[in-house]
Each structure stands twice: as C-alpha cells, then as structure tokens.
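As a plain string of letters, each chain reads:
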Amino acid sequence: MINTLVELADQQKIQDMIANHAPFSDILAAVTGMVARQMPDALVTFMLYDPADDTISLVAGEGLSEAYKLAMQRRKIGPEVATCGAAAFFRKIIITRSIADDVNWAPYRDYSFAEGLASCWSIPVLTTDDELLGTFATYHRYPYTPEESQLVLSQRAAGLLALALARQRDHHALRVNQQRYQSLFTHHPDAVYELDLEGRFIAANPSVEKITGFSEQSILGLHYSRFVSPEDLEMTHQAFRKARKGLPHTYEVGAYHASGEQYRMEVTNLPIVVDDEIVGVYGIARDVTRQKENEQKLRFQRTHDLLTGLANRSGFEARLAEDYPLSKRRVAVLLVNLDGFTSINDGLGHAVGDQLLQAVANRLSDWLQPGDFLARFAGDEFGVLLSGQVTEEQVLQAAEGLLGVLSRPFEIGEYVLHISASIGIAFGSGTAQSSSELIQHAHIAVREAKAQGRNTWEWYASDASTSVREHIALRRELLEAVEHDQLVLHYQPVVDACTGELKAMEALVRWQHPVRGLVPPGVFIPLAEQTGQIIDIDRWVLRQACKDLPAINAGRTEPLTVAVNISPVHFRRTGFFEEIRQALEESGVTPCLLELEVTEGLLMSGTEKAIDLLQNLRNLGVKVAIDDFGTGFSSLSYLRQLPITKVKIDRSFINQIDTNRDNAAIVQGVITMAHHLGLQVVAEGVENQAQQSDLIQRSCELLQGFYFSRPVPLAEFIRLPQRLPEN
C-alpha cells in the first residue's frame with residue numbers, strides 16, 4: 001500500500017512538472033527516480049530516438065559509467081540490435097533475461113560485461129500516433145525476468161515520458177510559431193505596421209522609423225492620412241477600403257519623411273482576419289525612390305563583370321560592333337587565357353582565385369593604352385580590343401607586352417603566384433566579315449596558342465585554307481610517325497617512398513619528328529584523340545613497352561612493372577581485351593608486370609561495362625590504376641566496386657603539399673581512403689625532398705617525379721641506379 005501511494009505521489013509530481021513545462025531533463029530524472037525507488041536493484045535508462053539517421057542515444061542512466069554512455073551514442077536501431085535497438089525497431093517490449101546468452105548483444109557484450117550488466121528489458125516510448133520517441137530500459141546485474149507489476153511500472157514511466165516529450169514538442173512548436181511571427185514583424189526590412197478599422201496606427205516595427213523617420217510611439221493613434229501627399233490621398237483611401245473588404249492591394253504613393261522630404265513608397269495593404277472576421281489592416285511599405293538608380297545598376301551588371309568591374313563579353317561585343325566600322329575594320333581582338341589558373345583555383349581555393357583575377361584585371365588595365373578596351377569574358381579569359389586603325393606591328397608589340405606584364409609574380413595574401421597566358425589574335429583586316437566572326441577567329445587562335453605549349457601568342461591566319469592545310473599535314477605526319485617508327489618511349493621510375501628503391505616505371509610516348517625534333521605529347525596527343533589516331537599510338541606504346549620490359553628486368557632480382565596509359569576511346573573499343581592478351585603473349589611478359597593507367601572519368605561513365613572489362617583484366621593478371629586521381633568527378637560508391645589495385649594522385653595536389661593545407665588535406669584524404677579500400681597509392685609530381693618526407697609521413701608507399709628522375713630513354717633508364725635519387 002505504501003509503495004502504491006509513493007508511486008501515485010511520484011506520478012502526480014511528474015504530471016505537475018509536465019503541465020508546468022518543466023525542463024525535460026528534470027522530468028526524465030523524476031521518472032527514472034520513480035522507477036529506481038520501486039526497483040532499487042535496477043539501473044534505469046532512457047535512449048532518445050533521432051529520426052534523421054534512425055539512431056538512439058543514451059541520455060539518462062544513473063549509475064552507468066561515462067565510457068558506457070559514450071559507447072551507447074547514435075546506435076542504429078534494428079531487429080538484432082541488443083535490447084533497446086530491437087524494442088525501438090519493433091515498437092514493443094523486448095526482454096533479455098541474460099545478456100550473456102543473447103546473440104543480439106554480441107557486438108555490445110564487452111561493454112555490458114565491463115559495466116557488470118546481466119539483464120535488460122526495454123519499452124519503446126511512443127506517442128498516441130505510434131511515433132517513436134525513444135526507449136525506456138531497466139538493467140540488472142544478474143539474469144532476471146521482470147514481474148508483471150514491474151512491467152506495468154515501466155510502461156507507466158514510458159507513458160509519462162511520451163507525454164512529456166509530446167507536450168514539450170507542442171509547446172516548443174507554439175513558441176516557435178509565435179517567435180517566427182514576432183521575428184518576421186520585428187526584423188522585416190520593410191516598414192510593417194498595423195491599422196485599426198478606422199485607419200489609425202496601433203503597431204509598427206523598427207523599420208518604420210528607419211524608412212520614414214517616425215518612431216512607433218510618435219505615430220500610434222494617428223491616422224495614416226497625415227503622412228500621405230494630398231495628390232495620392234484618395235488612392236490611399238480606396239486601397240484601405242479594399243483591404244477592409246478582404247482584398248489585398250498594392251500601390252505606389254507619395255509620403256512625407258520626418259525630415260519633411262517627400263519620397264515615393266510602394267505599399268501593400270492586407271486584411272487582418274481573426275475567426276473569419278476582419279479586425280484590422282496590415283501595411284507593408286518600402287522606399288522606391290532609388291528605383292531608378294537600381295535600374296541603372298542592373299543595366300551595368302548586364303554589361304559588366306561583377307568580380308573585376310570590367311566589361312563582360314556582352315559589353316565587349318557591343319563596343320567592338322561600334323568600333324569595327326568606324327576603324328574601317330583595322331581593329332584587333334586579343335583573347336588572353338591564363339595558363340594554369342585552374343590548378344591555383346582548385347589548390348588554393350576560389351577566394352584566392354578571385355583575388356588573382358582581380359589583380360590580373362588591375363594590371364592589364366594599368367598597362368593598356370588610352371582607347372584600348374578590356375573585358376573579362378568568363379573564367380580566366382580576358383578580351384582586349386585595340387582600335388583606332390592599329391597596325392600589325394602595334395598588335396604584335398601589344399601581345400608581347402601582355403605576356404611580359406603577366407609574367408611578373410602576383411602577391412595574393414600569403415602566396416606569391418606565377419602565371420602565364422596564351423593569347424589568340426584576330427585582325428579585322430583579315431577574312432572576318434563581322435565583329436562576331438572576329439571574336440570566333442580569336443578563339444581559334446587562342447586554342448592554337450595553348451597547343452603550342454602555352455605562354456605564347458598565336459595569330460589567326462588570314463587565309464583559312466592555310467590553317468586547314470596545316471591541320472591535314474600534321475595529321476598525315478602523325479600517321480607517318482606510327483608507320484615509320486618515329487615514336488619513342490621514355491620511362492619514368494616509380495620508387496618506394498621510404499627507401500627510394502626502384503619498384504616500377506611509367507611508359508611515356510614521345511614523337512621524334514624528322515624536322516620538328518622531339519614533339520611533346522601535349523602537342524600531338526590532343527590531335528590524335530580528335531582524329532582517332534590515339535588508338536594506333538596506344539597499341540604501339542603497349543607493344544613496345546612489353547617488348548622493352550625483358551631488357552629492363554634482365555639481371556634484376558625483383559622485376560619492375562611497367563605502367564601504360566590507355567585513352568578512353570581505346571579502352572571502350574571492342575577487342576581491347578584481346579589486344580592486351582595478344583601483346584602479353586607476343587612479348588612473353590608475365591601479366592602481373594603490366595599495369596594499365598586509366599582516368600577516373602572514364603570509369604565513371606558506363607560503369608557496369610567498365611567493371612566487367614576490369615574484372616577480365618584482373619582475372620588475366622593485369623593490374624589497373626586510376627591515373628590523375630582527384631581531377632575528375634569520381635563517385636566513391638562506385639570506386640569501391642572497381643577491381644583496381646592502385647590510385648595515382650595528380651601532381652596538382654602534390655604541388656606545395658608541404659606548405660598548402662588544402663593540398664595536404666586532399667592528399668591525406670585520398671591516401672586514407674585508398675588504404676581502407678586495400679589500394680596502393682602513388683604520388684605523382686614529387687619534385688623535392690620536402691615533398692618526399694611529407695608523403696612518407698602520410699604513409700604514401702610509392703612516389704614518382706622529377707626529384708627521382710625525369711622520363712628518360714630506354715638505354716638511360718636501364719643505367720639508373722636501384723635507389724633514387726643517386727645522392
């Protein structure tokens with residue numbers, strides 16, 4: 001009888017706390033205390049449910065250690081998750097007489113044993129709508145099955161907690177709605193006020209004083225007509241009468257500021273409806289006096305770049321269209337495209353990139369002559385218009401000058417940045433028939449400048465057929481390069497990060513042109529990809545690398561693997577797998593010594609087909625690595641499905657790794673992720689000992705870069721020492 005009275009008293013106290021909106025933590029302590037008094041041998045806990053991630057977390061448990069409480073945070077609910085997780089999942093009472101014998105406790109048994117817990121019974125805390133709020137649980141330090149009265153007590157406790165949480169949530173929602181309304185009224189940037197049905201002010205927000213100059217206290221009880229210009233008074237009366245009839249209305253009106261100055265306001269009247277009865281009128285007003293200025297700003301933005309303040313492409317085209325006929329077509333368009341800006345933007349962040357663009361704009365503006373016109377087209381591309389009947393010599397001098405002015409370092413915050421530019425030149429007296437065609441010619445020329453190795457200018461040929469003939473000639477010469485053994489392979493070593501010991505190598509193609517000399521891959525590879533000749537080049541590289549491998553490994557106790565780059569178009573080509581197998585059979589090379597390097601973008605498109613091909617290569621024994629990792633848009637969920645063995649971190653992330661925290665964070669993330677997936681990591685572009693030391697500390701196992709060796713011909717590679725660098 002005494003226990004019953006105590007329990008009733010506890011329940012009454014808890015209900016009073018709920019009714020008075022006591023803090024939930026206090027209510028929770030009272031509920032657990034009520035149960036603990038009735039069951040002194042028990043440990044009483046509560047776990048709060050979070051629907052965002054379907055987890056429960058221990059928020060109350062008197063007598064439990066901090067270690068146990070910490071371990072029971074954000075535990076996913078489920079049918080086999082101990083006792084509380086299962087109770088939350090099934091939304092019913094779950095009783096575990098013996099934790100030691102319950103397989104569902106296996107993942108948590110060490111925690112329970114350390115805590116001395118032997119049994120557990122858990123009751124879900126549910127709303128009347130069967131919404132899960134958490135679980136209420138009782139532990140004993142010995143195997144135990146609850147009595148009926150104890151279960152009833154626990155259910156009552158769970159019910160009280162459900163009521164408390166529901167009331168707390170409803171009270172919080174009501175408070176939020178009231179505060180939202182008050183916040184909207186108080187902090188609205190427009191003047192918001194309330195009028196009674198006679199048109200007198202009964203409330204006003206702070207913005208009223210900010211906009212009109214009148215404080216709330218000074219206008220309360222006054223009629224709105226005292227602040228409206230006489231010529232707009234009748235229109236204002238009509239708008240007020242419409243709002244009183246339930247019709248919102250927006251209009252523009254002249255008003256008087258507290259200073260006596262007249263200005264224009266846009267006003268919206270809204271009826272205030274309470275229980276289907278209109279009891280007043282809301283007014284929302286904003287100053288539109290500066291609207292003309294805003295319209296001018298919008299016109300400026302349509303023709304100007306907001307970052308640099310320069311004209312944008314639209315503004316440039318408009319200016320060119322004006323100057324083109326006036327200068328009798330003796331104008332020049334120079335497109336200035338920054339080299340390497342993307343790596344700065346990605347490596348140091350967009351804030352640094354934006355500051356660099358502003359600095360470039362300022363430097364170009366200061367350098368150009370009066371009458372020249374500068375614009376920012378988009379990204380890292382600027383347009384320069386030279387008009388006034390300029391000569392070809394003046395244009396060339398301008399191009400050289402632009403390259404020179406951009407070659408000087410830029411100091412952006414803590415960074416000293418070096419950039420160059422590729423410039424495309426189109427001259428109005430050439431074949432262009434219009435100003436828009438002149439810009440197109442400049443775009444073609446800047447692409448040619450990029451292909452020439454950057455940090456240069458290229459003039460668009462006046463005779464288009466000359467350009468076409470050059471393209472055809474280069475294509476024919478590239479075809480002859482494959483047929484007449486003009487291609488050569490250079491090899492760059494891949495070394496053990498810690499010891500510098502030679503572990504592998506990458507085969508890199510070069511074009512030994514009989515007239516042009518050694519043509520870098522940046523010139524002919526893009527052309528080969530455009531024309532499809534890349535497939536023949538890939539095949540040659542693959543066969544030659546396999547052919548060279550026995551000579552490279554002769555006399556080595558541990559043979560080196562050779563990595564060959566595979567273009568996307570070749571990888572997707574039917575019969576690619578057979579070509580790999582045939583190259584291995586012809587050369588006698590063991591498949592495990594061949595590694596194919598593909599880009600992550602290639603694997604992310606047509607993933608299922610790519611996975612099948614990769615699996616066939618893996619079954620054959622050939623390894624596959626993802627090259628230039630981090631420069632594409634890889635999906636990590638797909639990456640873990642790919643049967644690959646290695647990732648190669650792009651050199652753009654290795655640059656300044658020992659001084660740039662962003663680069664370092666990206667590299668560390670890739671290494672950690674790759675190791676979790678069981679993949680090896682190669683860092684490309686290592687150029688000094690500091691980078692090597694940094695990568696060793698990050699557990700990167702393989703390194704490649706100029707610090708160890710540049711790509712060298714076969715004979716020179718064979719003579720390389722076993723450990724690099726030599727000193």
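Below, the structure is looked at part by part.

Parameters and conventions
Residues numbered from 1 in each chain as written. Predicted model: local features only at pLDDT ≥ 70, side-chain atom pairs only at ≥ 80, totals over all residues. Heavy atoms only, no water. Helix = DSSP H or I, 4+ residues; strand = E, 2+ residues; numbered from the N terminus. Rg over C-alpha atoms; globule rule 2.2 N^0.38 Å. Contact = heavy atoms within 4.5 Å. Areas by Shrake-Rupley, 256 points an atom, 1.4 Å probe, with all protein chains shown as cover. Lys, Arg positive; Asp, Glu negative; His and termini not counted. Charge placed at Lys NZ, Arg CZ, Asp CG, Glu CD. Phe/Tyr/Trp six-rings, centres within 6.5 Å; stacked < 30°, edge-to-face > 60°. Buried < 20%, exposed > 50% of the residue type's maximum accessible area, 1.4 Å probe, protein only. Lys NZ or Arg CZ within 6 Å of the ring centre and 35° of its normal. Pairing = 2+ DSSP bridges. Axes fitted to C-alpha atoms, helices over the stretch in contact; angles between N-to-C directions. Salt bridge = Lys/Arg side-chain N within 4 Å of Asp/Glu carboxyl O. Right-handed = clockwise from strand over helix to strand, strands pointing away. Expected span 1.5 Å × (residues − 1). Polar contact = N/O pair within 3.5 Å; in protein donor to acceptor, adjacent residues only side chain to side chain.

### Let's talk about the overall build of the protein
Item 1. Looking only at helices and strands, the protein has 27 helices and 28 strands in total.
Item 2. For the protein, whose C-alpha radius of gyration is 38 Å, the value lies well above the compact-globule estimate of 27 Å for 727 residues.
Item 3. Counting only C-alpha atoms and orienting by the principal axes, one finds that the protein spans roughly 105 × 90 × 45 Å.
Item 4. In the protein, 61% of the contacts between residues at least 6 apart in sequence involve partners at least 24 apart.
Item 5. Total accessible area computed for the protein in this model is approximately 36500 Å², and 51% of it derives from carbon and sulfur atoms.
Item 6. The centroid of the 66 positive side-chain charges in the protein is displaced by 2 Å from the centroid of its 92 negative side-chain charges.

### Remarks on the packing of aromatic side chains
Each aromatic ring pair is characterised by the separation of its centres together with the angle its planes make.
Item 1. For the coordinates displayed, the defined rule picks out 17 aromatic pairs.
Item 2. Judged by centre distance (6.5 Å) and plane angle (80 degrees), the rings of Trp105 and Tyr108 are edge-to-face. With respect to class, Trp105 is no different from Tyr108; both count as buried.
Item 3. Pairing Phe427 with Trp459 gives two aromatic rings, centres 5.7 Å apart and planes at 50 degrees, and the pair type is tilted. Taken as a pair, Phe427 in strand E17 (residues 420-427) and Trp459 in strand E18 (residues 456-459) lie far apart in primary sequence, 32 residues in all.
Item 4. We classify Phe427 as buried; its relative accessible area is 8%.
Item 5. Connected via pairs of aromatic rings, a cluster forms that spans Tyr68, Trp105, Tyr108 and Tyr139.
Item 6. It is Lys92 that lies over the ring of Phe90; its NZ or CZ is 5.5 Å from the centre.

### What to know about the sheet that holds strand E1 (residues 43-50)
Item 1. Ordered by their spatial adjacency, six strands build an open sheet running E3-E2-E1-E6-E5-E4, and the pairing between neighbours is antiparallel. What marks the edges here is a single partner per strand, and that holds for strand E3 (75-76) and strand E4 (94-96).
Item 2. Across the sheet, helix H2 (residues 24-38) is in contact with E1, strand E2 (55-61) and strand E6 (132-140); its angle to E1 comes to roughly 145 degrees.

### Here we look at the side chain of Ser709
Item 1. Among the structural elements, Ser709 can be located in the loop between strand E27 (702-703) and strand E28 (712-713).
Item 2. In contact with Ser709, not counting residues within four places along its chain, are Gln492, Pro493 and Leu720.

### Describing the pattern of salt bridges
Item 1. Using the criterion set out here, one finds 22 salt bridges in the structure.
Item 2. Between Arg74 and Asp53 there is a salt bridge whose closest N-O contact spans 2.7 Å. Linking Arg74 in the loop between helix H3 (66-71) and E3 with Asp53 in the loop between E1 and E2, this pair joins segments that are 21 residues apart in sequence.
Item 3. Of the residues examined, Arg74 reaches a relative accessible area of 46% and is grouped as partly exposed.
Item 4. Relative accessible area serves as the criterion here: at 24%, Asp53 is assigned to the partly exposed category.
Item 5. In this structure, Arg241 engages Glu234 in a salt bridge whose closest nitrogen and oxygen atoms are separated by 3.3 Å.
Item 6. Each of the salt bridges in this network shares a partner with another, and the network as a whole consists of Glu506, Glu597, Lys648 and Glu684.

### Details of the pairing of strand E26 (residues 680-683)
Item 1. Summarising the sheet, strand E25 (residues 646-649) and E26 pair through four bridges and their orientation is parallel. Across the sheet, Val647 pairs through a bridge with Val681, a residue of E26.
Item 2. Looking at chain direction, E26 and E27 are connected through two bridges and run parallel. What sits directly across from Ala683, in E27, is Leu703.
Item 3. Read as a crossover between parallel neighbours, the route from E26 over helix H26 (residues 689-697) to E27 is right-handed.

### Here's the deal with helix H15 (residues 435-451)
Item 1. Between its terminal C-alpha atoms H15 stretches 25 Å, which fits the 24 Å expected from 17 residues at 1.5 Å a residue.
Item 2. Among all positions of H15, only Ser435, Leu438, Ile439, His441, Ala442, His443, Ala445, Val446 and Ala449 are buried.
Item 3. As for H15, its buried residues are in contact with helix H11 (313-326), strand E12 (332-339), strand E13 (373-378), strand E14 (381-386), E17 and E18.

### A word on the side chain of Ser57
Item 1. In this structure, Ser57 sits in strand E2.
Item 2. Residue classification places Ser57 among the buried positions, given a relative accessible area of 10%.
Item 3. A distance of 2.8 Å separates the side chain of Ser57 from the backbone nitrogen of Arg74, its partner in a polar contact.

### Quick look at the pairing of E1
Item 1. Within E1, six of the eight residues are buried, leaving the element largely enclosed by the surrounding structure.
Item 2. Inspection of the sheet shows E1 paired to E6 by six bridges, in the antiparallel sense. Opposite Met47, over in E6, you have Thr135 as the bridge partner.
Item 3. Taken together, the six bridges between E1 and E2 define a ladder with antiparallel strand orientation. When the sheet's bridge partners are listed, Asp50 is paired in E2 with Thr55.
Item 4. Hairpin connection, E1 to E2: the antiparallel pair is bridged by four residues, and Asp54 has positive phi, about 60 degrees.

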